[in-house]
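Remarks on the overall topology
Chain by chain, the residues run as shown.
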Amino acid sequence: MNVLFDLVMRRFIRQGTLLIRFADGRQRRYGHGEPHAGMELVDIQTERDLLINPGLHFGECYMDGRLRPLGCLLYELMDLLILNVEGGGHVPANLMQRGRKLVRLWSQHNPAPRSRRNVAHHYDLNGRLYSLFLDRDRQYSCAYFPRGDETLEEAQEAKKRHIAAKLRLDRPGLEVLDIGSGWGGMALTLARDYGARVTGITLSTEQLEASRARAAAEGLADRVRFELVDYRLVRKRFDRIVSVGMFEHVGVGHYDTFFRQIDRCLQDDGIALVHSIGRREGPGATNAWLDKYIFPGGYSPALSETFAAIEKSGLWVTDCEILRLHYARTIAHWRRRFAANRDVIASLYDERFCRMFEVYLVGSELAFRRQGHLNFQIQLSRRIDAVPLTRDYMGDAERATGVSVPSTVDAD
């Protein structure tokens with residue numbers, strides 16, 4: 001057992017009890033009380049790695065089988081560790097995260113070629129993978145739970161209706177730009193159910209092919225078209241612009257460009273809606289493991305960073321809604337579906353990939369439950385009078401679809 005590792009862990013675990021079994025067979029408990037979790041470290045190198053840079057090496061060691069949950073599930077182990085991360089007691093981890101914050105402008109630099117490579121890293125994986133844990137429409141973003149007991153399919157449909165209500169699609173034939181169109185579900189819904197004419201843009205060739213195939217299969221190819229193009233290259237103006245789960249990939253040095261482009265592409269009386277993951281506590285930096293293995297160049301922005309860029313664009317913020325625990329519930333559904341299909345996913349990739357995705361899903365859910373992550377929906381316009389004076393029209397639009405919209409929403 002590494003003496004320095006022992007000292008750091010004694011200072012680090014302030015909430016709950018962590019049992020560690022070391023490579024030499026010795027066991028030690030850190031902290032006291034609930035919750036309880038345990039982990040086994042199979043060699044001395046794992047101790048060194050966790051001491052130097054736990055934000056990166058915890059996930060790597062689990063992926064490699066050098067770190068194993070002991071007497072608990074991975075979720076329970078990571079929950080205990082994240083509870084204590086928030087206490088700030090792991091000095092080396094704190095220093096590494098501060099260093100990442102200092103260099104984030106460089107790491108977040110996302111010119112068009114780099115953006116395309118970053119997108120391909122995650123979104124050009126085997127298309128079958130996502131069908132094994134997402135909903136039928138393959139919505140890969142926060143769902144919306146107005147009652148709290150919806151199925152994943154119901155909550156994702158509710159999310160699309162909620163966004164459509166904010167876009168105020170009050171007449172057929174509106175031209176809509178979907179920035180970051182994913183597998184096409186949002187664009188197809190807006191065309192099929194609201195009569196819009198939609199252009200979806202993506203940097204993922206896998207998603208592009210799937211979206212075009214879906215549009216053709218549903219007989220909507222004349223109303224929806226999908227293009228492989230960077231948002232910065234769009235020159236046409238649209239009545240409505242929607243972007244769901246894409247702003248996290250823009251990069252902090254490009255926020256001004258993003259919102260100025262929305263301003264350029266929006267008609268004078270147009271409405272835009274940006275749906276993104278955010279963070280409560282102010283500007284920060286992406287976890288090193290997440291940046292390396294899952295979303296290179298990705299970052300969940302603080303509202304202060306986002307609003308500062310919007311102010312420079314000249315756009316009006318006509319509405320902002322904070323969705324708190326909706327994404328935690330969404331990812332909990334994804335985790336259960338991933339676990340149920342784990343053997344199939346392992347046959348597509350391998351055991352290490354499955355472990356990587358488990359760390360990703362568990363860590364993401366806990367970021368929303370424990371670490372101040374949230375989702376925001378910001379409605380934008382170029383004109384002060386582009387939307388009605390009150391928000392009543394949003395609820396009215398959702399009720400018009402035959403969906404019950406409660407007066408008080410349980411956001412848990």
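Residues numbered from 1 in each chain as written. Predicted model: local features only at pLDDT ≥ 70, side-chain atom pairs only at ≥ 80, totals over all residues. Heavy atoms only, no water.

1. Remarks on the overall build of the protein
Counting its regular elements, the protein contains 18 helices and eleven strands. Every one of the 412 residues in the protein was classed for burial, and the buried ones make up 57%. Residue pairs in contact within the protein that sit at least 24 positions apart in sequence constitute 72% of those at least 6 positions apart. When the accessible area of the protein is evaluated, it comes to approximately 17,700 Å², of which 51% is carbon and sulfur surface. (Helix = DSSP H or I, 4+ residues; strand = E, 2+ residues; numbered from the N terminus. Buried < 20%, exposed > 50% of the residue type's maximum accessible area, 1.4 Å probe, protein only. Contact = heavy atoms within 4.5 Å. Areas by Shrake-Rupley, 256 points an atom, 1.4 Å probe, with all protein chains shown as cover.)

2. So, helix H15 (residues 326–340)
Helical geometry note: an α-helix holds 3.6 residues per turn, so side chains three or four residues apart project in the same direction. Its 15 residues give H15 an end-to-end C-alpha distance of 22 Å, which sits within 8% of 21 Å, the value for a rise of 1.5 Å per residue. Listed in full, the buried residues belonging to H15 are His326, Tyr327, Ala328, Arg329, Thr330, Ile331, Ala332, His333, Trp334 and Phe338. (Expected span 1.5 Å × (residues − 1).)

3. So, the confidence of the model for the protein
Scored by pLDDT, the protein has a mean of 91; 89% of the residues are at 70 or more. Segment residues 404–412: pLDDT under 50, and 17 contacts once partners within four positions in sequence are set aside and those in other chains are kept. (pLDDT = per-residue confidence, 0-100.)

4. Considering a nonpolar patch on the surface
Taken together, the side chains of Val3, Leu4 and Leu7 present a nonpolar region at the surface, about 290 Å² in accessible area. For Val3, the position within the fold is in helix H1 (residues 3–12). Val3 gets classed as exposed once you look at its relative accessible area, which sits at 62%. (Patch = residues over 30% accessible without salt bridge, like charges linked within 9 Å, V, L, I, M, F, W, Y side chains within 5 Å. Salt bridge = Lys/Arg side-chain N within 4 Å of Asp/Glu carboxyl O.)

5. Description of the pattern of salt bridges
All chains considered together, the criterion is met by 39 salt bridges. Of the charged contacts, one joins Asp149 and Arg147 as a salt bridge, the two residues approaching to 2.8 Å between their closest N and O atoms. Using a relative accessible area of 48% as the deciding quantity, one classes Arg147 as partly exposed. One connected set of salt bridges, linked through shared partners, spans Asp137, Glu157, Lys160 and Arg214.

6. Brief notes about the nonpolar core
The biggest cluster of nonpolar side chains holds 64 residues, and the ones touching the most others in it are Leu18, Tyr140 and Phe357. The element best represented in this core is helix H17 (residues 351–370), accounting for ten residues. Among the nonpolar cores identified, the runner-up in size contains 27 residues, and Val234, Phe259, Ile262 and Leu315 belong to it. (Core = buried A, V, L, I, M, F, W, Y, C linked by side-chain atoms within 4.5 Å.)

7. Concerning the packing of helix H12 (residues 255–265) against helix H14 (residues 303–313)
H14 packs onto H12 with a crossing angle of 45° between their chain directions and a minimal axis gap of 8 Å. Of the possible angle classes, the one that applies to H12 and H14 is oblique. Crossing of H12 against H14: the hand is right-handed. Listed contacts from H14 to Tyr255, Asp256, Phe259, Arg260 and Asp263 of H12 are Glu305, Thr306, Ala309, Ile310, Lys312 and Ser313. The class makeup of the residues in the contact of H12 with H14 is four nonpolar, two polar and five charged. (Axes fitted to C-alpha atoms, helices over the stretch in contact; angles between N-to-C directions. Parallel < 35°, antiparallel > 145°, perpendicular 65-115°, else oblique. Left-handed = near helix turned anticlockwise from the far one by under 90°. Nonpolar A, V, L, I, M, F, W, Y, C, P; charged D, E, K, R; others polar.)

8. Brief notes about the packing of helix H9 (residues 152–167) against H15
One can describe the packing of H9 onto H15 by two numbers: an axis separation of 10 Å at closest approach and a directional angle of 140°. Comparing the axis directions of H9 and H15 gives the class oblique. Between H9 and H15 lies a crossing of left-handed hand. Two secondary-structure elements touch here, H9 through Leu152, Glu153 and Gln156 and H15 through Thr330, His333, Trp334 and Arg337. Taken together, the residues of the contact of H9 with H15 sort by class into two nonpolar, three polar and two charged.

9. Structural notes on the pairing of strand S7 (residues 224–228)
One ladder, built from five bridges, connects strand S6 (residues 197–202) with S7; its direction is parallel. Bridge pairing in S7 places Ile201 opposite Glu227. The parallel pair S6 and S7, bridged by helix H11 (residues 205–217), forms a crossover whose chirality is right-handed. (Pairing = 2+ DSSP bridges. Right-handed = clockwise from strand over helix to strand, strands pointing away.)

10. A short note on the environment of Ile277
Following the sequence through the fold, Ile277 ends up in strand S9 (residues 266–279). In this structure Ile277 comes out as buried when scored by relative accessible area, which is 16%. Distance in space between the C-alpha atoms of Ile277 and Leu374 is 5.8 Å, their sequence separation being 97 residues. Once residues within four sequence positions are removed from consideration, Ile277 is found in contact with Glu248, Ser300, Pro301, Tyr327, Phe368, His373, Leu374, Asn375 and Phe376.

11. Observations concerning the pairing of S6
Counting buried residues in S6 gives five out of six residues, a clear majority hidden from the surface. Sheet analysis places strand S5 (residues 175–179) next to S6, joined by five bridges and oriented parallel. Opposite Leu177, over in S6, you have Thr199 as the bridge partner. Read from S5 through helix H10 (residues 185–194) to S6, the crossover connection turns out right-handed.

12. Some thoughts on the sheet that holds S7
Read from one edge of the open sheet, seven strands run S7-S6-S5-S8-S9-S11-S10, paired in mixed fashion. A strand with exactly one partner marks an edge of an open sheet, and here the two such strands are S7 and strand S10 (316–323). Adjacent strand axes in the sheet meet at a mean angle of 15° when their direction is disregarded. Where S10 meets strand S11 (residues 373–381), seven bridges bridge the pair, whose relative direction is antiparallel. Its bridge partner lying in S11, Asp319 is registered against Gln379.

13. Considering the packing of aromatic side chains
The relation between two aromatic rings is expressed through the spacing of the ring centres and the mutual angle of the planes. One pass over the structure, following the stated rule, counts 23 aromatic pairs. Their ring planes at 65° and their centres at 5.3 Å tell us that Tyr231 and Phe258 sit as a pair that is edge-to-face. Linking Tyr231 in the loop between S7 and strand S8 (238–244) with Phe258 in helix H12, this pair joins segments that are 27 residues apart in sequence. A relative accessible area of 6% means that Tyr231 is categorised as buried. For the ring pair Phe258 and Phe259, a centre distance of 5.1 Å and an interplane angle of 90° mean the geometry is edge-to-face. Each member of the pair Phe258 and Phe259 is classed as buried. (Phe/Tyr/Trp six-rings, centres within 6.5 Å; stacked < 30°, edge-to-face > 60°.)

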